[in-house]
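# Overview (structure and organization)
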Amino acid sequence: MAEATDNPLGDFPKVQLHVVTGKGGTGKSTVAASLALALASRGKTVLLCEVEGRQGIAQMFDVPPLPYEERLLARASEAGHGNLYALAIDAESALLEYLAMYYRLGRAGKALDRFGVIDFATTIAPGVRDVLLTGKVYEAAQRNSRNRGARTYDAIVLDAPPTGRITQFLNVNNELAGLAKVGPIKTQADTVTTLLRSTRTAIHLVTVLEEMPVQETADGVTELSAAGMPVGGVIVNMVRPQDLDADAREALLDGTVDPRAIGKVLGTTGIKAPMRLVPTLVAEGRDHAERRRLEDSQRALVDKIGVPTYELPQLAGGADLAGLYELAAALIDQGLA
Amino acid sequence: MSGPARPQQQRIGSRTAARMGPMTSSPGPIAELDVDALIDDPSQRIIVCCGSGGVGKTTTSAAIALRAAERGRKVVVLTIDPARRLAQSMGIEALDNTPRPVPGVRPNGSGDPVGSLDAMMLDMKRTFDEVVESQASPEKASAILNNPFYIAVSSSFAGTQEYMAMEKLGQLDKDARSSGRWDLIVVDTPPSRSALDFLDAPERLSSFLDGKFMKLLLAPARGPAKLMTAGFGLVTKAVTTIVGGEVLSDMQAFVSAFDTLFGGFRQRAQRTFELLQAPGTAFLVVAAPEPDALREAAYFVERLSAERMPLAGLVVNRASSDPGGPLSAAAAMSGYEQLRDATDPTSRMTAGLLRLHADRKLIVEREARLRSRFATAHPHVRTVVLPALPSDVHDLDGLRHIGQLLGEPGQATA
């Protein structure tokens, strides 16, 4: 685990674009949102983007569905904090915006839509969709004169597609290869690729301490590295509570716990019928100790991946808004932000 | 596959715009899903498992397939993207596009005659190529297979996986009916919101084929004279400006070579769609007791109902099991707070146990609340709940255990 240090810049001071991916069910959207909050708490103006049309940000932050427009999500209320904005990117809007920004198509623009070309480009044409989604992220990261008066961001957090698809998604250039060898779409893909492969980008992978997600994370890191993509850290999410120390866990696993002694201590807290509760509590403790042992073996595999790792606790109450702030604080403590 | 879901509600309009569900809530016990009754019913020929990623859909499909086989069915399971472990657990090092027998299927001890289990993994490019080869003359097929646009479409286009999964299902069904090799097909679906894209496939294909864009692409081949309008000229120019002339000509070559095959494609897609609505088909929606996964499950349930697809029920995986006992989360927490600063090992252990109990109770309560919210909105959906297992499936015994939890939820957890 990264040392809890007081490094004021975090472990990725040069990174402007944080891409967060992870296997389904590992909580990558929660982690992306927490990272965005953490960066904003560090004084940065942050944009949190989603690209899968799930409106996950709106649900996590309990706000109405987001349009294709950068919306203020959390206003800095303390000195030294920055504002957090959010954007839900969809390919169709991105294409229309791109056309308006780069080509003055006028009547032809409308004709494109009427002829089903927009639909074709965003749903059927291979690779184009991903170029449009990453292209919009690029535009937000590198504002130019075409988008006059637009806000500039210190940091952008992208809640990206899952690990199984991330290399393909970010490797837009490759996807288009063999199709568009020249032309504006190809040029656009090249520019986006330059940012995605630079030191200004870090791709973080979210996992939980279970076999399949850990395996997929290790494979994902290998794949991204092979494609020349900058891997950031691995964030281990939903780590079980650490309430029992190693000795207690060993005693539970070995079955050497003295139930009478526990019953006696329980009695001092005013809990009723303490002796009758002991078997349930001990069984739960044993189950927990077993799962912690499995977690430890998975943690050893995560450490072997060889990138910085961060750990976030399982939230008994679920990842609601309060939970997001709790996770953001943990990310700051561990130096990710 | 190159993209996740399109915003479907916006596209299909009247069919999916409205929520499907009761107007008032009728809280009551959640109806239990009887998986054994489902797989034992000989008229049940196809089971489709859908749900969002990471909920254990592929494992659930494999476990159902194995259980059905050991209860006497002749089963083939079509997986989409199984973890290596799961493929290995079925005794197959690497699954491919051909169904292969799974060794180790055995009688279940209750006197049912043992059936058989074959497993395969979808190879979408191979499947697509085979369709082309079966539909076109050899010269034409080779022209299509070598077209750069076709190569890109068949290996990455948004939705290819969904189309091809359904194409494969159609093939397996045909094969099953003619050869009698299988009497039950279990299908896993691609891991994304677009898991239901196959429902849109025929419509999307038709609207594209009948669309103006298609006519535009075919214009050079068919002689432009009567089709060339001012609009066409504008569009051609705009497309050329943006994607470049080369892509456009590749697309035109592809479309004109493919032209005569499209009708066949559309028919196949339509037949598969009808197969999914047929009485022998059942959908199982798989979820985890998390807000996201249950929201996706609700979306699937509503969508299936709108399409008149037969929904068998909901499988909730990875549920936390109630530790039981009368101690509430609040009481345990209060005990923990009194003991947490103690220094002797027994008090520390007791504090830890109380804290674990409090957390576990909270999680169980939250999951129960999420499930009951789903049940209130969808009272007719039969449900089976599976406890979270400590480790992944490594072998057939692991799959068998999950199958048992599905088939006999009460007994297996007791």
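Okay, so let's go over this structure. In this text the structure is predicted, and so the values were computed from the model without any measurement. (Residues numbered from 1 in each chain as written. Chains lettered and ligands numbered in written order. Predicted model: local features only at pLDDT ≥ 70, side-chain atom pairs only at ≥ 80, totals over all residues. Heavy atoms only, no water.)

Before going further, it helps to examine helix α11 (residues 246–254) of chain A. Looking only at α11(A), the buried set comprises Ala248(A), Arg249(A), Ala251(A), Leu252(A) and Leu253(A). Those residues of α11(A) that are buried are in contact with α13 (274–304) of chain A together with α16 (345–377) of chain B. Remark: Gly255(A) follows α11(A) within two positions and exhibits a positive phi of approximately 75°. (Buried < 20%, exposed > 50% of the residue type's maximum accessible area, 1.4 Å probe, protein only. Helix = DSSP H or I, 4+ residues; strand = E, 2+ residues; numbered from the N terminus. Contact = heavy atoms within 4.5 Å.)

Residues and elements named next belong to chain B. Relative to the helices and strands, Arg268 is located in helix α13 (residues 245–277). Overall, Arg268 belongs to the buried group, its relative accessible area being 17%. Those residues in contact with Arg268 that sit more than four places away from it in its chain are Val131, Gln135, Glu167 and Gln171.

The relative placement of two packed helices comes down to the angle between their axes together with the axis-to-axis distance. All names here are of chain B. Between helix α6 (residues 124–135) and helix α7 (residues 138–145), the shortest axis-to-axis distance is 8 Å and the interhelical angle comes to 150°. For the element pair α6 / α7, the angle class is roughly antiparallel. The way α6 lies across α7 gives a crossing that is right-handed. Residues Asp129, Val132 and Glu133 of α6 form the contact with α7, whose participating residues are Ala141, Ile144 and Leu145. Of the residues in the contact of α6 with α7, the class split is 4 nonpolar, no polar and 2 charged. (Axes fitted to C-alpha atoms, helices over the stretch in contact; angles between N-to-C directions. Parallel < 35°, antiparallel > 145°, perpendicular 65-115°, else oblique. Left-handed = near helix turned anticlockwise from the far one by under 90°. Nonpolar A, V, L, I, M, F, W, Y, C, P; charged D, E, K, R; others polar.)

The next subject is a negative patch on the surface. Judged by side-chain charge, Asp245(A), Asp247(A), Glu250(A) and Asp254(A) come together as a negatively charged surface patch. Relative to the assigned elements, Asp254(A) resides in helix α11. (Patch = residues over 30% accessible without salt bridge, like charges linked within 9 Å, V, L, I, M, F, W, Y side chains within 5 Å. Areas by Shrake-Rupley, 256 points an atom, 1.4 Å probe, with all protein chains shown as cover. Salt bridge = Lys/Arg side-chain N within 4 Å of Asp/Glu carboxyl O. Lys, Arg positive; Asp, Glu negative; His and termini not counted. Charge placed at Lys NZ, Arg CZ, Asp CG, Glu CD.)

Once that is clear, we can look at the pattern of salt bridges. If you walk through the whole model with that rule in mind, you get 39 salt bridges over all chains. For Asp292(B), the salt bridge is made with Arg295(B), and the minimal N-O distance between the two is 2.5 Å. Taken as a pair, Asp292(B) and Arg295(B) lie in helix α14 (residues 291–306) at a separation of 3 residues, close to a single helical turn. For Arg295(B), a relative accessible area of 33% puts it in the partly exposed group. Of the charged contacts, one joins Glu307(B) and Arg303(B) as a salt bridge, the two residues approaching to 2.6 Å between their closest N and O atoms. Overall, the relative accessible area of 3% leaves Arg303(B) in the buried class. One continuous salt-bridge network, built from bridges that share partners, spans Glu70(A), Glu97(A), Lys136(A), Glu139(A), Arg143(A) and Arg151(A).

Once that is clear, we can look at the packing of helix α3 (residues 91–102) of chain A against helix α6 (residues 128–141) of chain A. Residue and element names in this part refer to chain A. The N-to-C vectors of α3 and α6 enclose an angle of 65°; their axes lie 9 Å apart at closest approach. The crossing of α3 and α6 is left-handed. For the pair formed by α3 and α6, the contact residues are Ala91, Ala94, Leu95, Glu97 and Met101 on the first element and Arg129, Leu132, Leu133, Lys136 and Glu139 on the second.

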